[in-house]
Amino acid sequence: MQILMATNRSEDIFARFCEALRQEMGNVELLFTNNWTNVLAAVKVMPPGFVILDQDLPEGEPLDLVRKLMSVNAAVNCIVITDLDEESFHEAGEGLGIFAPLPVEPSFADGEDLARRIQRFLGGPRA
């Protein structure tokens with residue numbers, strides 16, 4: 001499975017998080033991009049299993065990109081990196097069908113948790 005991560009920050013920040021995803025999921029391919037254009041093109045041509053959108057992309061807020069992605073492919077599974085608290089995020093993202101929020105600096109434990117949620121979503125083993 002492919003997971004496309006859209007961020008303008010160094011991949012090093014996500015090293016432990018990505019390590020946990022790879023460890024828990026085994027067959028995951030993590031791809032990185034740094035702009036909306038590439039994300040929109042990928043979702044249109046060959047959609048990844050999940051898209052992780054960072055809040056620091058220069059083109060705008062990740063929730064705005066989720067809205068654009070929904071118009072291109074409503075079946076895309078979006079995960080958003082955000083500094084919003086749970087209530088604010090729920091309110092801002094209501095109706096967008098976002099799979100999960102992640103903290104601004106996702107940890108190894110966040111990667112493990114996300115991998116387990118993805119596996120449950122896909123009908124895999126219950127962890």
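Structure: see above.
What counts, and where the lines are drawn
Residues numbered from 1 in each chain as written. Predicted model: local features only at pLDDT ≥ 70, side-chain atom pairs only at ≥ 80, totals over all residues. Heavy atoms only, no water. Patch = residues over 30% accessible without salt bridge, like charges linked within 9 Å, V, L, I, M, F, W, Y side chains within 5 Å. Areas by Shrake-Rupley, 256 points an atom, 1.4 Å probe, with all protein chains shown as cover. Salt bridge = Lys/Arg side-chain N within 4 Å of Asp/Glu carboxyl O. Lys, Arg positive; Asp, Glu negative; His and termini not counted. Charge placed at Lys NZ, Arg CZ, Asp CG, Glu CD. Helix = DSSP H or I, 4+ residues; strand = E, 2+ residues; numbered from the N terminus. Axes fitted to C-alpha atoms, helices over the stretch in contact; angles between N-to-C directions. Left-handed = near helix turned anticlockwise from the far one by under 90°. Contact = heavy atoms within 4.5 Å. Nonpolar A, V, L, I, M, F, W, Y, C, P; charged D, E, K, R; others polar. Buried < 20%, exposed > 50% of the residue type's maximum accessible area, 1.4 Å probe, protein only. Polar contact = N/O pair within 3.5 Å; in protein donor to acceptor, adjacent residues only side chain to side chain. Pairing = 2+ DSSP bridges.

Draft legend 1. Local environment of a negative patch on the surface. A cluster of acidic residues, Asp85, Glu86, Glu87, Glu91 and Glu94, forms a negative patch on the protein surface. Within the secondary structure, Glu86 sits in helix α4 (residues 86-93).

Draft legend 2. Focus on the packing of helix α1 (residues 15-25) against helix α5 (residues 108-121). Contact geometry for α1 and α5: axes closest at 7 Å, N-to-C directions at 35 degrees. With respect to the hand of their crossing, α1 and α5 are arranged in right-handed fashion. Here Arg16, Phe17, Glu19, Ala20, Leu21, Gln23, Glu24 and Met25 of α1 come into contact with α5, specifically with Phe108, Asp110, Gly111, Glu112, Leu114, Ala115, Arg116, Ile118 and Gln119. In the contact of α1 with α5, the residues fall into 8 nonpolar, 3 polar and 6 charged.

Draft legend 3. Spotlight on the side chain of Asn73. For Asn73, the position within the fold is in the loop between α3 (62-72) and β4 (78-81). Since its relative accessible area comes to 19%, Asn73 is described here as buried. A polar contact is formed between the side chain of Asn73 and the backbone nitrogen of Ala75, at a distance of 2.9 Å. In this structure, Asn73 is in contact with Val43 and Pro47, ignoring residues within four places of it in sequence.

Draft legend 4. Inspection of the sheet that holds strand β5 (residues 100-102) at higher detail. Sheet architecture is open: 5 strands sit in the order β2-β1-β3-β4-β5, paired in parallel fashion. The sheet is open, and its two borders are formed by β2 (29-33) and β5, each paired with just one other strand. Across the sheet, the axes of successive neighbouring strands diverge by a mean angle of 20 degrees, strand direction being ignored. Against the sheet, α1 makes contact with β1 (2-6), β2, β3 (50-53) and β5, and its axis sits at roughly 150 degrees relative to β2, the strand it touches most. Along the sheet, α5 makes contact with β1, β3, β4 and β5, crossing β5 at roughly 170 degrees.

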